[in-house]
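# Notes for the structure review
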Amino acid sequence: MRKNFVVGLAAVIGAMSCTGLSACGGNRFDGGEQIDKTKTTLYVEAGATGVGTSWIDNGVGRRFEEKYEGVSLEPGKTGVQVVVVPASTPNYDNLSSVDTSVFFGEGVPYFTYAAKGAFLDITDLVKSTAEGESVTIESKLDQVHKDGLTVFDGKYYALPHFEIFFSAMYDVDLFEDYNLYYAANGGFVTSKTDKRSAGPDGEFETGDDGMPVTYDEFFDLCDVMVAQGITPFIWSGEAYGYLIKLMSQIAANYGGLEDWSQNFKFNGAAKIITDYETMKEDTVMIDSSNGYLLSQQAGKYQALRFLERMISNPDYYYVDSLLTTYSNVDAQEQFVNSKFENAPIGMIIEGSFWEGEAQAVGIFERSIRDKGEQARNRRFGIMSLPRGNSYEECQGKPSVLTDIGVSYAYINANVKNNEVLLNLSKDFLKFCYTDVSLKEWTKMTSQTKAVNYSLTTDEYNELTEFGQQLWDLKKRSVVAYEISDSDIYLADQNIFIFYERFTSVVKGESFRTPITALSTGTSAKDYFKGMRKTENDWKWGK
Amino acid sequence: MIGNGVNNKRKFLKKELPHIVFYVSIVALPVLQFLIFYVGINFNSIILAFQKYDIYSDSYSFHRFNNFIDVVEEFKKTVYMPSALKNSLISYALGLFIAMPLGLFFSFYLHKKMMGSGIIKVILFLPTMLSSLIVVTVFRYFADRALPEMLEDFFHLNIPGLISSRIYSLPTILFFCVWSSFGANILLYLGAMNGASESLYEAAKIDGASVLQEFLHVTFPQVYPTLSVFIVTGIGGFFTNQMSLYSIYGENAEFKLYTLGYYMYRGIKLAKPADYPHFAAMGLMMTCVAIPITYLVRYLLNRFGPSNE
């Protein structure tokens, strides 16, 4: 009896141990959706939080299924079912053993895994025209993407997906209610009908009318907010990278497209501070031998000064923003509900995905449930950030938006083993990049794709207020995409990711992020001096 | 004769076969795991330490000792490396000179079933019983938000979030590391203490030994072998101890909080194939430092430690 018990227990323990092995290799995931075995299944992974999956479930995926209605691709099966796999960071080293064929991702290590053959060669797809169109998908790409995506062997292994821009997102209703716009004839407007100033782009009747042009105007706006009981800023202390991304945006706006692009291209002119006493700027040609000079980039100094002013006055920001346990969702919820709690907050430092993300986690729904009808149909905007210290400095400078999403769409190379999946995956990806699908995507997500396409007036009017402002801002701006064909960038991408652009050493103490130092008494100037790298720190181009 | 030998062998096998099958079925998986995840991986790491990755051809090639030179250069040039080394030392010293004696004290207290043993046992074992992720998350929010709010509400004291504070973050994390280490250690110390014969304690009582003398002459020698194991294995832990930084901050811990273990762990988490040889070389160098120290410490502990006989 005892012997049988021991044997039985050993067998159970052995079986339980084997379950550990079952985690090896790929696994099917049906996402809760019933798999229709009478149809050919195409697994698609998508839905970074701010984008969601509705654009596939109710949009391009549904239309693609309609396209193949009644079409038999495999014996015994008719039609296609597009199954959305909830997004997670794929195990790129293990892609060959997963069922997912098409991926729409964020933070994709394109160079590493394209080189390893994990992504399918889609050059034929990119250079072809989609149904009903006369232009190729390639013609919709920015030149930067054409050069960067084909750096290995002239072939494409992915397409740019969606763009992520960081800025101060503001409460439009709050700004209108409290007259927080600059007036065309000076000062601030006194009513909603007053003519607003031209804003940073210098043109009237554009989306940035009434917005501050210079850094001083921006902080004068903050003072006006504080005087009216509004907290100007909130941000997530946990997502410390958000402030770094905002600073990158400010630096890019100050220096311009070519200046900012040197951070990953190393082949053009950049404004460098060459004298730390007078903070004199000089234009320097950056190449593989002197990339370390970018630690002295003038735009980065301006960004530090901006941050210094942001936190110089405790009334400027929500107190919990400095806590590393204060999440982006906490900040979004506080921002959205603040005006109903007699503690209004004017702006949140966030990415352009924030509205979709807040929607996805139920923030607006909860707000309506708790605060009533007044919380419905909220209007938010994205601010065109200042570009300099004076009107003269800002004149003629276009807005630069830094896309730090590194977001790409690609096909799993394992589809090469299945001709049906191979053709279907390519067709689906091509289908997603038709003008019809691109427009539909923007209408459904109120975000922008990193390719060129347009919206009709009716299509534009279907966007939310935030979506319209984002669309307008992109049209008025040039975009700095973080992709490069530089050998230095390819050799060591990790060094050039945005997280490391503002590290510094002040009085022997190293800082990853400026907020830690600046919020405890370090000046922007001292922090910037501590960022300086020398030729000894530069190991490339030697 | 030979036939008898073969028959005996068959009988032996027939009799022992079930035992052999049982034994093999139990050890096969752990042995396989050891071969793959220890021997195989370490062998691969050693090879990798002498290689360089080319992104264009997606292949590794022999790189001689250049990775080791790069590691030394990195240690020299990285400004926060001395601070990381210091934090690793502080954490190790705290474990050795504070956590270990306190662990022994609490274990002895529990062993003697003194007042409040039950509740103390629960408090000390709680971090070990619960998922470490839960413990870390609760501690993070308590130290960063709940505690400052409570102090402000009840005592009108204005302190920053302890996890977020430039000044208080390191002491707070060190406290957490000490507190969360008690459970597992106390469990093992208690087990060793309970292994001591009751007659020893009775004899000590009869001889008029105080509690302290009882601990030093009866309990401590009993626990010493377990202590030795902790001290010896802790040497290797010096290089891998993250102080729970990854659990608390993810990849975003400030440089001043870094330990050598967190530096390596974070680096490997973010690494691409081009970075693996660098970290393989770093690991190998740390191993070369740890091995002789480990043997030396083991020798000294065996040579000069008390005997439990």
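Residues numbered from 1 in each chain as written. Chains lettered and ligands numbered in written order. Predicted model: local features only at pLDDT ≥ 70, side-chain atom pairs only at ≥ 80, totals over all residues. Heavy atoms only, no water.

We now examine the overall build of chain A. Along chain A, the regular secondary structure elements total 21 helices and 15 strands. Among the 542 residues that make up chain A, the fraction classed as buried is 58%. A sequence separation of at least 24 residues applies to 72% of the contacts in chain A between residues at least 6 apart. A total accessible area of about 21,800 Å² is found for chain A, and carbon and sulfur atoms account for 48% of it. (Helix = DSSP H or I, 4+ residues; strand = E, 2+ residues; numbered from the N terminus. Buried < 20%, exposed > 50% of the residue type's maximum accessible area, 1.4 Å probe, protein only. Contact = heavy atoms within 4.5 Å. Areas by Shrake-Rupley, 256 points an atom, 1.4 Å probe, with all protein chains shown as cover.)

Helix and strand counts for chain B stand at 11 helices and two strands. Its C-alpha atoms give chain B a radius of gyration of 26 Å, clearly above 19 Å, the size a compact globule of 309 residues would have. Across the 309 residues in chain B, those meeting the buried criterion constitute 37%. Sequence separation of at least 24 residues holds for 64% of the intrachain contacts in chain B that already meet a minimum separation of 6. As presented, chain B carries roughly 18,400 Å² of accessible surface, and 69% of it is formed by carbon and sulfur atoms. Measuring between centres, the 23 positive side-chain charges of chain B sit 10 Å from its 18 negative side-chain charges. (Rg over C-alpha atoms; globule rule 2.2 N^0.38 Å. Lys, Arg positive; Asp, Glu negative; His and termini not counted. Charge placed at Lys NZ, Arg CZ, Asp CG, Glu CD.)

With that settled, the discussion passes to the side chain of K397(A). Residues and elements named next belong to chain A. Within the element layout of this structure, K397 appears in the loop between α14 (391-394) and β11 (399-403). Buried K397, no salt bridge; nearest opposite-charge side chain is E393, N-O distance 5.1 Å. Dropping the residues within four chain positions of it, K397 is found in contact with N253, Y254, K271 and R387. (Salt bridge = Lys/Arg side-chain N within 4 Å of Asp/Glu carboxyl O.)

Here we take up the interface of chain A and chain B. Across the boundary between the two partners, chain A contributes 41 residues, which contact 34 residues of chain B. The interface formed by chain A and chain B contains four salt bridges. Here R140(B) makes a salt bridge to E238(A), at a shortest N to O gap of 3.1 Å. Seen at the junction of chain A and chain B, the total is 15 residue pairs in polar contact (both at pLDDT 80 or more). Looking at the side of chain A that touches chain B, the elements with two or more residues in it are α1 (2-18), α3 (110-115), α19 (487-491), β15 (509-511) and α20 (514-518) of chain A. Ranked by the residues each element gives to the side of chain A that touches chain B, the list is headed by α1(A), at four residues. (Polar contact = N/O pair within 3.5 Å; in protein donor to acceptor, adjacent residues only side chain to side chain.)

With that out of the way, let us pick up the pattern of salt bridges. Residue and element names in this part refer to chain A. Evaluation of the coordinates by the stated rule reveals 31 salt bridges over all chains. With its nearest N and O atoms 3.9 Å apart, the salt bridge here joins E462 to K443. Taken together, the positions of E462 in the loop between α17 (457-461) and α18 (465-476) and K443 in helix α16 (residues 435-445) put the pair 19 residues apart, joining distant regions of the chain. Salt bridges sharing common partners tie together D173, E176, R196, R379 and E465.

Residues and elements named next belong to chain A. Across the sheet, five strands lie side by side as β2-β1-β3-β12-β4; this open sheet has mixed pairing. The outermost strands of the open sheet, each flanked by one partner alone, are β2 (80-86) and β4 (159-160). Both β4 and strand β12 (residues 408-411) contribute to a ladder of two bridges, which runs antiparallel. If you follow P160 over to β12, its bridge partner there is Y408. (Pairing = 2+ DSSP bridges.)

Taken together, the side chains of V31(B), L32(B), F34(B), L35(B), I36(B), F37(B), Y38(B), V39(B) and I41(B) present a nonpolar region at the surface, about 850 Å² in accessible area. On the basis of relative accessibility, which here comes to 38%, the residue V39(B) falls in the partly exposed class. (Patch = residues over 30% accessible without salt bridge, like charges linked within 9 Å, V, L, I, M, F, W, Y side chains within 5 Å.)

Looking at chain A as a whole, its pLDDT mean stands at 90, while 92% of the residues score no less than 70. Across residues 22-30 of chain A, where pLDDT falls below 50, the model places 15 contacts with residues more than four positions away in sequence or in other chains. (pLDDT = per-residue confidence, 0-100.)

What follows deals with helix α10 (residues 260-269) of chain B. Counting buried positions over the 10 residues of α10(B) gives seven, a clear majority of the element. Looking at the buried residues of α10(B), the elements they touch are α2 (66-77), α3 (81-111), α8 (211-240), α9 (245-249) and α11 (276-304) of chain B.

Moving on, we come to the nonpolar core. If you look at the biggest cluster of nonpolar residues, it comprises 155 residues, and the most contacted ones within it are F119(A) and M310(A). With nine residues, helix α8 (residues 241-255) of chain A is the single largest residue contributor to this core. Other than its neighbours up to four places away in sequence, M310(A) contacts F219(A), F233(A), W235(A), L243(A), L246(A), Y316(A), Y317(A) and I349(A). Counting residues in hydrophobic clusters, the runner-up holds 40 residues, among them I248(B), L260(B), A271(B) and A290(B). (Core = buried A, V, L, I, M, F, W, Y, C linked by side-chain atoms within 4.5 Å.)

Turning our attention to the pairing of β2(A). Residues and elements named next belong to chain A. The buried fraction of β2 is high, at six of seven residues. In this structure, strand β1 (residues 40-46) lies alongside β2, joined through seven bridges in parallel fashion. Bridging across to β2, T40 finds its partner in V80.

All names here are of chain B. Two elements, strand β1 (residues 51-54) and strand β2 (residues 59-62), share four bridges in a ladder whose sense is antiparallel. Across the sheet, the residue bridging to K52 is S61, located in β2. Where β1 hands over to β2, the hairpin turn is made up of four residues, of which D58 adopts a positive phi near 50 degrees.

Residues and elements named next belong to chain A. α16 packs onto helix α2 (residues 54-67) with a crossing angle of 160 degrees between their chain directions and a minimal axis gap of 10 Å. Classified by the interaxial angle, the pair formed by α2 and α16 is roughly antiparallel. In this structure, the crossing between α2 and α16 has a hand that is right-handed. Here S54, W55, N58, G59, V60 and R63 of α2 come into contact with α16, specifically with V436, S437, E440, W441, M444 and T445. Across the contact of α2 with α16, the residue classes break down as five nonpolar, five polar and two charged. (Axes fitted to C-alpha atoms, helices over the stretch in contact; angles between N-to-C directions. Parallel < 35°, antiparallel > 145°, perpendicular 65-115°, else oblique. Left-handed = near helix turned anticlockwise from the far one by under 90°. Nonpolar A, V, L, I, M, F, W, Y, C, P; charged D, E, K, R; others polar.)

As for its placement among the helices and strands, T100(A) is situated in the loop between β2 and β3 (102-105). Setting aside residues up to four positions removed in sequence, T100(A) forms contacts with Y43(A), V44(A), E45(A), V85(A) and N412(A).

Residue and element names in this part refer to chain B. At their nearest, the axes of helix α5 (residues 132-155) and helix α6 (residues 169-194) sit 12 Å apart, and the two run at 145 degrees to each other. Where α5 crosses over α6, the two elements pack in a sense that is right-handed. Only T172, F175, F176 and W179 of α6 make contact with α5, whose side of the interface consists of V135, V136, F139 and A143. Split into classes, the residues belonging to the contact of α5 with α6 amount to seven nonpolar, one polar and no charged.

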